[in-house]
Amino acid sequence: MLLIHCPYCNETLPELEYAYAGEAHIARPANPSEVSDEEWAEFLFMRSNVKGIHYERWRHLHGCGRFFNAVRDTVSDKFLTTYEAGAPRPDLDTLVNTPAEGGK
Amino acid sequence: MSQYRVSGKGRVDLSKKINFTFEGKSYTGGQGDTVASALLSHGVHLMGRSFKYHRPRGAVAAGSEEPNALIGTRRGPGRFEPNTRATVQDIYEGLQTNAQNKYPSLKFDVGAVNDAAYMLFSAGFYYKTFMWPRSFWDKVYEPFIRAAAGLGVSPTEEDPDHYASRNLHIDVLVVGAGPTGIAAAKAASAEGLSVVIVDENREIGGTLLSEPQAVIDGIPAWAWIEQELAALKAQGVKVMTRTTAIGYYNDNLVGLVQKLTDHLPSLPADTPRERMWRVRAGQVVLAQGALEKPLVFHGNDRPGVMLAGSAQTFLNRYGVLVGKRPVVLTAHDSAWYAAFDLADAGAKVQAIVDVRDGVSEALIAGARDRNIPVRLSYTATATKGRLRVKSLRVNRMQGGTVGAAEEISCDAVLMSGGWTPSLHLFSHTKGKLAWDDDRTTFLPEMTPEDCVIAGASRGLWGIEAALNDGAEKGRAVAAALGKAGNAVSYTVAEDRTGSGVSMKELPTDLSPGKAKAFVDYQNDVTAKDLRLAVREGMRSIEHVKRYTTNGMATDQGKMSNINGLNIASDALGRKQPQVGLTTFRPPYTPTSFGAFAGYHRGSHFEVTRKTQIDAWAEENGAVFEPVSQWRRAWYFPKGGESMDDAVRRECATTRKSLGIFDASTLGKIEVVGPDAVEFMNRMYTNPWTKLGVGKCRYGLLCGDDGFIRDDGVIGRLGQDKFHVTTTTGGAARVLNMMEDYLQTEWPDLNVWLTSTTEEWSTIALNGPNAAKLLQPFTDVTLTEENFPHMSCVECEVAGMPARLFRVSFTGEIGFEVNVPAPMGRQLWETLWEAGQQYGITAYGTETMHVLRAEKGYIIVGQDTDGTVTPYDAGMGWAVGKAKPDFVGKRGLARPDLVAEGRKQLVGLVTEDGSKLEEGAQIVFDASQPIPMKMVGHVTSSYDVGTTDQPIALALVEGGHSRMGETVFIPMPDRTISAKITGTIFVDPDNAKLKIPASAENKGVAA
Ligand SMILES: [Zn+2]
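Residues numbered from 1 in each chain as written. Chains lettered and ligands numbered in written order. Predicted model: local features only at pLDDT ≥ 70, side-chain atom pairs only at ≥ 80, totals over all residues. Heavy atoms only, no water.

Chemist: Which residues make up the overall build of chain A, and what are the values?
Modeler: Along its length, chain A carries two helices and six strands. The secondary structure elements of chain A, listed N-terminal to C-terminal, are β-β-β-α-β-β-β-α. With the principal axes as the frame, chain A shows a C-alpha extent of 40 × 30 × 20 Å. By residue count, 41% of the 104 residues in chain A fall in the buried class. Of all intrachain contacts in chain A linking residues separated by at least 6 positions in sequence, the fraction that spans at least 24 positions is 46%. (Helix = DSSP H or I, 4+ residues; strand = E, 2+ residues; numbered from the N terminus. Buried < 20%, exposed > 50% of the residue type's maximum accessible area, 1.4 Å probe, protein only. Contact = heavy atoms within 4.5 Å.)

This is the structure we're talking about:
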């Protein structure tokens, strides 16, 4: 069972408190009516299915209820970091070279 | 004393006799005996039949890695457990045990014809044998496979025991309490760190229990164990025996199963049988030692053939000689010491046969001193004996060729193929292994967890090396936790260090194609099977494993993995690391379902949610059904009514006069805030801006793919306050979806979402007399003018604060009264009393389903299945096309969603008046050849409502443009024809929804 750091509660807590919520940084187009069928299908269905460093979303379902983002290595199952929804992707080079703060 | 017990040896207390039975026969043993050691003390080796070939088998090991000696244990009603290893089950007074996989008896087994039909059962036999003909499947293959599959027999009664579950947070967990673990725990605990050490055995000591000759810092091994146990306890270390670390999970979570009662003659009250511990440790030390490998040769599974180290354990720990005339067959020095120990205890060792051409002078001298004949550079090619080994056939090896055979008469064969570090838990951590050519085994390298591995688990040999490595690793984990730790250095006398070689199957002069040289005893996999798998094209060890089932039994390849790998890599002509090792998976040893379930069984398996009115329903004879986690009243039978009769009566009474229904389980979400209406516009397909305060509307929720997710009536209680209802099962999902959009797509909206499902009791009143009943209890004037259909208001009902909705899920005049949850039953009883004058009926979910279907109201999840759009469901009217965006709008414009020929919701009426089955498939042409083209299915079907013929709803391709057409529903016995109709079967003009003007419904003065 993973230990996950909620960036809102600033606590590292068991996976049981959380719900996985799919890949991160997939923004719903601002004006869906203006995007093509292909672009809409891309948004709806296509996911990267990464082996390695993966940006993903979690919800602290049985805690503060907030959705947040995480960087996890899908091979080692280790979190590199977690960060608030809406924040930009963290820089990977910095992450890989500095151990995660509480995100393990 | 029993025949094979050695006086003065072992740790078993024989002062008090313990009686138990095996195969109906009584045996005796002492305190500290396992079933295996006690049976062996009586010379009983035959303990079971093998899984596939039903070959006679005995214990090959002395511990939890035992693959053969699986027994069923029984202690009174309900307490039967299959597949218990006889080598770990303690005996106690009255224990009943039986062998497995035998028919009709252990000594004579007809299933052993499988053994003769050996060729049929070789690798991949399931895949090959049961391919054809197709018609053989139902009558021949499947019954055969079912009868043959599975180890042991499942218990048939409910388990009367209970199982506990605990969490534990500690600094250091040490797995394994042999010399390595003891030294590690001692070093780590020096500075007040919380340390737990666990061992699956009944007592700590590990290999020291089998090697009493060792002297540690001047103290004999067994006295040293006592001393260290006391020291550990004094240092605050928690020592847990009979406790198996079954799995290593993410972030240093280790699962432990502690067995509490399986060894006790009488069961203490209120003690769980097993306790599952979820231990989260700062650091973990793995000190699980090493497991001995068998040698692979023809007949290496005959009862009496066992691991040399295990024979040594039976002697030194249990005081049992496994044979009086054993022969030792080995590739490793360790078996020589087993030979010496048995000889010193009075056995006449027939020979030490070593595959190597040279061993140390000390070993040769040891054999000479004891008059044990030695044969170096020999191979073993067969054993003889039916239910017990009688002789070992050995051949001299010369320059790579197998020489003439010679038979050595014996009553036991003690074999050693060397030792494999126990890497199971280390592998669970996704730890990396590195191949060690010298030791011909994998050794641990890197792990992503905060974990170290010590002693024999990392290939160190000998007690002194284990102790010093354990101490050093204990100090290291303490250091990792910021403490100094205290590693002492140990000196061991009479230590038995040594080395060996690792073999594939032993060379033979007999036909290798006919050899039954077992690699995996539990799954009956032979060396020949592995080579066959490679010949037939399996290249990856993972494929070889699945094709042959090598290492897939309950022992998870403890004894078979490296032998299997050596053989597969030889067959493939590639080095072992290029072939790779299969994955060890948890649990380390077979674990009871009870331990995993813990407290979650029976009514505690899942939460049962009950409404405030549930108790009334129970008192009034309701039959219940589960709806997601809720227990809901299904129908209320009166005086022996059948379900159909009850539902028919409930439906009729509600349509004619009045029905009352507990709708409290409906999901309720309060949407408030300045941007509430904008949020609702974006979430739901409907437009909300123009909905006045005090009005409600049926809302449809889609996903962004355009498919229906949920529905419910939504009331606007204020400019910025919506009372949203959802389906009973969808409440949590809808709230999660709303939160997702609100938090991550539209964080600019100022809206708050609150689940209020359990804050309200909701009572639905439906029927022509609903307004008449309710009017006296409220000052809201319940007329068509003042409070028309789809109105809502915050008011008082029967003196209780209420949210009153005028809505209908039946087509009748309907109200939903929400009052604070605890007041629900009081209101229900008030309305029930007052309703007697109208002949009120309480109705359950079944009547609700029938009445709504008669009006064509859908149930999301029954009439929709996640591929149905609002248009498919005939509810295009609920889509606010003028809105710039809402969840699902763009999805609804996808090419496939606007294509012709989509499945659409329609009504069906059968031509012969029969009731259709829900889920039945529909075809347009019943005369077409099979397989027919299916064009839809029946989603709802009822024949107990108020219509004069059965009705059904169905999804049918292009259904909306096929009104009046006939479709066919092929059933096993006949084909039913049905006509496509609209979905509304009752009161299509909604006349009954209106409160007649003549009725005098005036509000009582406030
Ligand atoms: Zn949180």
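Chemist: Which residues make up the coordination of the zinc ion, and what values do they have?
Modeler: Residues and elements named next belong to chain A. For the zinc ion, the full set of protein donor atoms is Cys 6 (SG), Cys 9 (SG), His 60 (ND1) and Cys 64 (SG), and the range of their distances to it is 2.0 to 2.3 Å. Because the angles between the four donor atoms bound to the zinc ion fall within 105 to 116 degrees, the donor set is best described as tetrahedral. Counting gaps between the donor residues of the zinc ion yields the pattern C-x2-C-x50-H-x3-C. Of this pair, Cys 6 sits in strand β1 (residues 3-6) while His 60 sits in the loop between β4 (53-59) and β5 (67-73), placing them 54 residues apart in sequence. Residue Cys 6 is classed as buried on the basis of its relative accessible area, which comes to 0%. For His 60, a relative accessible area of 1% puts it in the buried group. (Donors = N, O, S within 2.8 Å, 3.2 Å for Na, K, Ca; no water. Tetrahedral: all angles 85-135°; square planar, octahedral: opposite > 155°, others 65-115°.)

Chemist: Can you break down empty space enclosed by the protein residue by residue, with the values?
Modeler: Residues and elements named next belong to chain B. Summed over the entire model, instances satisfying the criterion amount to four cavities of 30 Å³ or more. Empty space within the largest cavity amounts to approximately 110 Å³. Lining the largest cavity are 14 residues, and of these Thr 611, Arg 631, Arg 632, Ala 633 and Asp 662 lie nearest its centre. Those elements that place two or more of their residues in the lining of the largest cavity are α17 (614-619), β33 (630-635) and β34 (659-662). (1 Å grid on protein atoms, 1.4 Å probe; cavity = no way out; pocket = protein on both sides within 12 Å on 5 of 7 lines; lining within 4 Å. Points joined across faces, edges and corners; volume = space filled by probe spheres on them.)

Chemist: Quick rundown of the interface of chain A and chain B? Include the residues and the values.
Modeler: Of the residues lining the interface, 28 residues belong to chain A; the matching set on chain B comes to 30 residues. Between chain A and chain B the total buried area reaches about 2300 Å² when both faces are included, carbon and sulfur atoms providing 44% of it. Of all residues in chain A, the largest losses of buried area upon contact with chain B belong to Met1(A), Arg28(A) and Phe67(A), amounting jointly to 29% of the total for that side. Connecting chain A to chain B are seven salt bridges. Run the count over chain A and chain B and you get 17 residue pairs in polar contact (both at pLDDT 80 or more). Put simply, the parts of the chain that give the side of chain A that touches chain B at least two residues each are α1 (37-45) and β4 of chain A. For the side of chain A that touches chain B, the element with the most residues is α1(A), which contributes five residues. Tallied by class, residues from the side of chain A that touches chain B come to 16 nonpolar, four polar and eight charged. (Buried area = accessible area lost by both parts, 1.4 Å probe. Salt bridge = Lys/Arg side-chain N within 4 Å of Asp/Glu carboxyl O. Polar contact = N/O pair within 3.5 Å; in protein donor to acceptor, adjacent residues only side chain to side chain. Nonpolar A, V, L, I, M, F, W, Y, C, P; charged D, E, K, R; others polar.)

Chemist: Any details on the packing of helix α5 (residues 179-188) of chain B against helix α11 (residues 463-480) of chain B? Residues and values, ideally.
Modeler: All names here are of chain B. The interhelical angle for the contact between α5 and α11, taken along N-to-C directions, is 30 degrees, at an axis separation of 7 Å. Overall, the two elements α5 and α11 adopt an arrangement that is roughly parallel. Once α5 is placed against α11, the crossing between them reads as right-handed. For the pair α5 and α11, contact is made by Pro 179, Thr 180, Ala 183, Ala 184, Ala 187 and Ala 188 and by Ile 463, Ala 466, Leu 467, Gly 470, Ala 471, Gly 474, Arg 475, Val 477 and Ala 478, respectively. Its residues assigned to classes, the contact of α5 with α11 shows eleven nonpolar, three polar and one charged. (Axes fitted to C-alpha atoms, helices over the stretch in contact; angles between N-to-C directions. Parallel < 35°, antiparallel > 145°, perpendicular 65-115°, else oblique. Left-handed = near helix turned anticlockwise from the far one by under 90°.)

Chemist: Got a sec to walk through the sheet that holds strand β11 (residues 219-220) of chain B? Specific residues and values, please.
Modeler: All names here are of chain B. Taken together, the three strands give an open sheet; going across it, the order is β11-β10-β29, and neighbouring strands pair in antiparallel fashion. For this open sheet the edge positions go to β11 and β29 (492-493), each flanked by a neighbour on one side alone. Direction of pairing for strand β10 (residues 215-216) relative to β11: antiparallel, over a ladder of two bridges. In the sheet register, Val 215 faces β11, and the bridge partner there is Pro 220. (Pairing = 2+ DSSP bridges.)

Chemist: Help me get a handle on the sheet that holds strand β37 (residues 708-718) of chain B, residues and values and all.
Modeler: All names here are of chain B. With respect to topology, five strands assemble into an open sheet ordered β36-β37-β38-β35-β39, the strand pairing being antiparallel. Since the sheet does not close on itself, it has two edges, and those belong to β36 (696-702) and β39 (752-755), each with one partner. Strand-to-strand twist across the sheet, computed as the mean angle between neighbouring axes with direction ignored, equals 25 degrees. The pairing of β37 with strand β38 (residues 721-726) spans four bridges and is classified as antiparallel. Paired with Gly 715 across the bridge in β38 is His 723.

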